[in-house]
Amino acid sequence: MKINNLLVALLMMLFITTTGCQRFAYKGNVYTSFESQDKKILLDMHNNIRFLTSSIKLDALRKSDKLSAAAQKHADYLALSGTFSHSGFGGSRPSSRVDQENYQWIRVSENIALGDFSFRTGTESVERVMKGWMDSPGHRANILGNYRDVGFGIAQNKQGRRIWVVVFGTQLPLRTDMKF
């Protein structure tokens, strides 16, 4: 089995090297996107939906490296474990995963989606995920919620399905009135 994994990894590296395509990198038993195209499209779509859909003025979401790390780690865990849940490794919750990345939050939530059986990337695949989230009241509320920051994670499970994780957050305000 380890030889098969090594062979797949070598073939993927050869494909990436010879085609110039940087779509997926093999990591253990999961394919992780290291191309930022889909994550950039996700950010743009979230902000467009917030601008066009909300009756109140919502601020544009800012990409957070800390929330992105939490989202990517959870996507990788879901892909490796073969599970699909907001509960993560050791029973972790979105809030505890964000805490592990030292994001000081007052509000945090998470959307997850299980994609189709393809390596499709780009607008078409992201649009499907966004439509699914917007058709779900809870996911829609997160997208249109009072959040400032966002992070994205995308991984591919052993069955070839993409797992999408979005973590929304608002940080604690910095206190400038305290004297030390």
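Our structure's up above, just so we're on the same page.
Thresholds applied
Residues numbered from 1 in each chain as written. Predicted model: local features only at pLDDT ≥ 70, side-chain atom pairs only at ≥ 80, totals over all residues. Heavy atoms only, no water. Helix = DSSP H or I, 4+ residues; strand = E, 2+ residues; numbered from the N terminus. Core = buried A, V, L, I, M, F, W, Y, C linked by side-chain atoms within 4.5 Å. Buried < 20%, exposed > 50% of the residue type's maximum accessible area, 1.4 Å probe, protein only. Contact = heavy atoms within 4.5 Å. Pairing = 2+ DSSP bridges.

Q: Please explain unusual backbone geometry as it appears in this structure.
A: A negative phi angle is the norm for most residues apart from glycine, just as the trans form is the norm for most peptide bonds. The backbone of N102 sits at a positive phi, close to 60 degrees, despite the residue not being glycine. Residue position: N102 is located in the loop between α4 (94-100) and β4 (105-114).

Q: Can you walk me through the nonpolar core in this structure?
A: Soluble globular proteins tend to bury their nonpolar side chains together. Within the largest apolar cluster, 20 residues are counted, with the highest numbers of intra-cluster contacts made by L42, M130, W133 and W164. Of all the secondary-structure elements, those providing two or more residues to this core are α2 (37-53), α5 (123-134), β5 (149-156) and β6 (162-171). What W164 contacts, discounting residues up to four positions off in sequence, is D38, L42, N111, I112, A113, G115, S125, V126, V129, W133, G153 and I154.

Q: Please clarify how the pairing of β5 should be interpreted in this entry.
A: Every regular strand shows the same layout, with side chains that alternate between the two sheet faces. The buried fraction of β5 is high, at eight of eight residues. In β5, alternate side chains face the same way, and those of D149, G151, G153 and A155 on one face and V150, F152, I154 and Q156 on the other are all buried. Sheet topology places strand β3 (residues 62-63) next to β5; two bridges connect them, and they run parallel. Within β5, the position partnered with R62 by the bridge is D149. Where β5 meets β6, eight bridges bridge the pair, whose relative direction is antiparallel. Each bridged residue has a counterpart across the sheet, and for D149 the counterpart in β6 is G169.

Q: How should the pairing of β6 be read in this particular structure?
A: Burial of β6 is extensive: nine of the 10 residues sit out of reach of the surface. Sheet topology places β4 next to β6; nine bridges connect them, and they run antiparallel. Note that in β6 the partner of I112 across the bridge is V165. Connecting the antiparallel pair β5 and β6 is a turn made up of five residues, with G160 showing a positive phi of about 90 degrees.

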